[in-house]
Amino acid sequence: NIQINWKWEPTDISRNLWASCLSAFRDPMAMERANLLNMAKLSIKGLIESALSFGRTLDSDYPPLQQFFVVMEHCLKHGLKVKKSFLGYNKSLWGPLEMVEKLCPEAGEIAASVRDLPGLKTPLGRARAWLRLALMQKKLADYLRLLITRKDTLSEFYENSAVMLEEEGAVIVGLLVGLNVIDANLCVKGEDLDTQVGVIDFSMYLKNDIDDYRSEERNGQIAAILDQKNYVEELNRQLNSTVQGLQGRVESLEKSNSKLIEELAIAKNNIIKLQEENHQLRTENSVILMKAQQRLEVLLYGDLNCELDTYKQSRQGLDEMYNEARRQLKEECQLRQDVENELVVHVSMKQEMEMAMKLLEKDIHEKQDTLIGLRHQLDEVKAINVEMYQKMQSSDDNMRQKNDMIARLEEKTNQITATMKQLEQRLQDAERERASAEDGVRKFKQDFTNKADSLQKQIAQREKQMMQLETDLKIERDWRQTLQNELERERETIAQLTAEAQQINGLKKEFHRLQDENTQLKGICEEQEQALEELGCKLSEYGGQVWLKDKDATHCKLCEKEFSISRRKHHCRNCGEIFCNSCSDNELPLPASPKPVRVCDTCHALLLQRCSSNAT
């Protein structure tokens, strides 16, 4: 009886509905399955189109989303077996959905949160909450796919001709995969899911020609957007793989560059050593020439031939050593030149790689800008979760840091002592080597006096070793000094911590002392109150008046003002009643006490009148 203003024409879905109704006229369950499948197609398609055109996160009040949950509820209810319970016969969706937790451990979080919701009292409400949480998690299709593959477990809850056990269930699950492009933010906690009525609104799916044309355009736009998204994701994956490969090549080039630099430094050191040896050889050659000339002048050319032969032999040996050193120097220079050339090549390759990396990073940033809008909402939710997690762990981290500080200090002290022992051992070894080297030099001087040239070479080598050992010893001493300074700093921090601990202990002792003083003062106060009551009892016995107790009086007897912390209670020593300070601010001597005591205004006037009458 609903009046429709649109011009309705049968679409493909309506034709399928009509054909399925005609073919399944004899099988009502098949007809129901076909109708539910077509309604699921309509609701999922309408939800995706409207969500993409809506352009933001969906909430619980969105009508197409509500209709989608109603259609899914009808699909899951189809063919449910009736189970007997204490309250009668019922059909529950929560049973098969609860089985997903056993098939997929990731669904345990959803099931636990559904059980913990305080407002849900019925199994139907829990099932509705489970569907909403699964849609927000974008795992609804995955969970239902795992459920329909286990038909042996579903047969316990559904009949043989139910949607979830037939091919229509697999088709519906395949359609649900398209919902992963939708972002939903549903408030399950405050929503009344137990008493909702699940009625399908068919007016949302009746369309005219204009709507069909717009839906076709929207479908084309959606398909183009999805194609662009897939292309951008694939391009992003390729760029990431190329960037990773380039980063690996850059790392390998940096490692090889560092190795070449080390080799170049070693070659420079070798060249310097060879130059020093060459200089020493030249100086020794000049010394030998001078000695030869002096011998010629002294001996007056006596043993000229013998000296010349020995000089020629020594000169020949020195020339050979000089030529060998010069050849080694040329080889080291050539090696240094090759290393420098390779270093230049590697530097150029590194610059080219950096330029390529910059270009690739620029392309990556341009491609990733298109995905930023889709990831903002997920990043906000993650940021909120991270902030909550950080706040929760900040308190734990403070305690852990203090404990770790003490453990680190102990470890550092142990390491420092170990390194000091190692340095002392190395120092002893160096001194032993030096002593052995000096002994060897003395033996060589005593045994081989005739071979002065060779001894001078060996002494020079020993001196070089000694210089190296001294430099190593200086470095080790400096290292030991730095370690001692660090040890002193650590000891100062430990002393500060111990001082703070002692201050805390002193505060604790002061607190206990104050507590003891408080208990002592309380005892003294109670004793004084008890003595005052006894004094009042004695005065009442002597004077014949009743001493009123503190707990029996709440107001002043004369001005009738209520007692409080500022308005204290005071006993009149004559009548025994309780008054405030303003009404009992008088003192007179009584027969029971020769000293003046507190009396009320009434007793004060009465006693003064008696005294005046007695005096007359």
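Residues numbered from 1 in each chain as written. Predicted model: local features only at pLDDT ≥ 70, side-chain atom pairs only at ≥ 80, totals over all residues. Heavy atoms only, no water.

1. Quick notes on the overall build of the protein chain
A tally of regular secondary structure across the protein chain gives 14 helices and six strands. Counting only residues that meet the buried cut, the protein chain has 26% of its 616 residues in that class. For the protein chain, contacts bridging at least 24 residues in sequence account for 66% of all contacts bridging at least 6. Looking at the protein chain as shown, the accessible area adds up to about 43,300 Å², and 53% of this sits on carbon and sulfur atoms. (Helix = DSSP H or I, 4+ residues; strand = E, 2+ residues; numbered from the N terminus. Buried < 20%, exposed > 50% of the residue type's maximum accessible area, 1.4 Å probe, protein only. Contact = heavy atoms within 4.5 Å. Areas by Shrake-Rupley, 256 points an atom, 1.4 Å probe, with all protein chains shown as cover.)

2. Some words on the environment of aspartate 453
Within the element layout of this structure, aspartate 453 appears in helix H13 (residues 452-543). With a relative accessible area of 37%, aspartate 453 lands in the partly exposed category. With 139 residues separating them in the primary sequence, aspartate 453 and serine 314 have C-alpha atoms 9.6 Å apart.

3. Details of the pairing of strand E6 (residues 596-599)
Note that strand E5 (residues 586-589) and E6 share four bridges and pair antiparallel. Within E6, the position partnered with proline 589 by the bridge is proline 596. If you look at the hairpin formed by E5 and E6, you'll find six residues sitting between the two strands. (Pairing = 2+ DSSP bridges.)

4. Quick notes on the packing of helix H8 (residues 140-149) against helix H10 (residues 167-176)
Look at H8 against H10: their axes get within 8 Å of each other, and the N-to-C directions meet at 160°. Judged on the interaxial angle alone, H10 and H8 are roughly antiparallel. Crossing handedness for the pair H8 and H10: left-handed. Contact residues: Leu140, Ala141, Leu144, Arg145 and Ile148 in H8; Gly169, Ala170, Val173 and Leu176 in H10. (Axes fitted to C-alpha atoms, helices over the stretch in contact; angles between N-to-C directions. Parallel < 35°, antiparallel > 145°, perpendicular 65-115°, else oblique. Left-handed = near helix turned anticlockwise from the far one by under 90°.)

5. Focus on the pattern of salt bridges
For the coordinates displayed, the defined rule picks out 19 salt bridges. Glutamate 490 is paired through a salt bridge with lysine 412; the nearest N and O atoms lie 3.8 Å apart. Taken together, the residues span a long stretch of sequence, with glutamate 490 in helix H13 and lysine 412 in helix H12 (residues 304-447) at a distance of 78 residues. Among the residues examined, glutamate 490 registers a relative accessible area of 13% and is labelled buried. When its relative accessible area of 41% is taken as the criterion, lysine 412 is described as partly exposed. Between glutamate 577 and lysine 557 there is a salt bridge, with the nearest N and O atoms lying 3.4 Å from each other. Here lysine 557 lies in the loop between H13 and strand E3 (570-571) and glutamate 577 lies in the loop between E3 and strand E4 (578-579), a separation of 20 residues in the sequence. Through salt bridges with shared partners, a single network forms among Glu73, Lys77 and Arg128. (Salt bridge = Lys/Arg side-chain N within 4 Å of Asp/Glu carboxyl O.)

6. Some details on the side chain of histidine 78
Checked against the element boundaries, histidine 78 lands in the loop between helix H3 (63-77) and strand E1 (83-85). What makes histidine 78 buried here is its relative accessible area of 7%. Discounting chain neighbours no more than four positions away, the residues touching histidine 78 are Met29, Glu32, Arg33, Leu36, Tyr158, Ser161, Ala162 and Val163.

7. A short note on the confidence of the model for the protein chain
Predicted coordinates in regions of low pLDDT should not be interpreted in detail. The pLDDT averaged across the protein chain works out to 77; a share of 79% of its residues lies at or above 70. Predicted confidence in the protein chain is weakest over strand E2 (residues 88-90), with a mean pLDDT of 49, and strongest over E4, with 91. Across residues 1-10 the pLDDT falls below 50, and counting only partners more than four positions away or on other chains, this stretch makes nine contacts in the model. (pLDDT = per-residue confidence, 0-100.)

8. Points about the packing of aromatic side chains
Applying the stated criterion across every chain yields a total of two aromatic pairs. Ring plane angle 55° and centroid distance 5.5 Å describe the contact between phenylalanine 68 and phenylalanine 69, whose orientation is recorded as tilted. We note that phenylalanine 68, like phenylalanine 69, is buried. Ring geometry for tryptophan 130 versus tyrosine 143: centroids 5.9 Å apart, planes at 45°, classification tilted. Remark: tyrosine 143 occurs in helix H8 and tryptophan 130 occurs in helix H7 (residues 123-137); sequence separation between them is 13 residues. (Phe/Tyr/Trp six-rings, centres within 6.5 Å; stacked < 30°, edge-to-face > 60°.)

9. Points about a negative patch on the surface
A surface patch of negative charge is lined by Glu526, Glu527, Glu529, Asp550 and Asp552. Position of glutamate 526 relative to the elements: it lies in helix H13. Exposure remark for glutamate 526: the relative accessible area of 55% places this residue in the exposed category. (Patch = residues over 30% accessible without salt bridge, like charges linked within 9 Å, V, L, I, M, F, W, Y side chains within 5 Å. Lys, Arg positive; Asp, Glu negative; His and termini not counted. Charge placed at Lys NZ, Arg CZ, Asp CG, Glu CD.)

10. Thoughts on a nonpolar patch on the surface
Together, Met405, Ile406 and Leu497 make up a nonpolar patch on the protein surface, roughly 260 Å² of accessible area in all. Isoleucine 406 gets classed as partly exposed once you look at its relative accessible area, which sits at 44%.

11. Topic: the environment of tyrosine 158
Of note, tyrosine 158 is situated in the loop between helix H9 (151-154) and H10. Sequence spacing of tyrosine 158 and histidine 78 is 80 residues, and the spatial spacing of their C-alpha atoms is 8.0 Å. A polar side-chain atom of tyrosine 158 sits 2.8 Å from the main-chain carbonyl oxygen of leucine 76. (Polar contact = N/O pair within 3.5 Å; in protein donor to acceptor, adjacent residues only side chain to side chain.)

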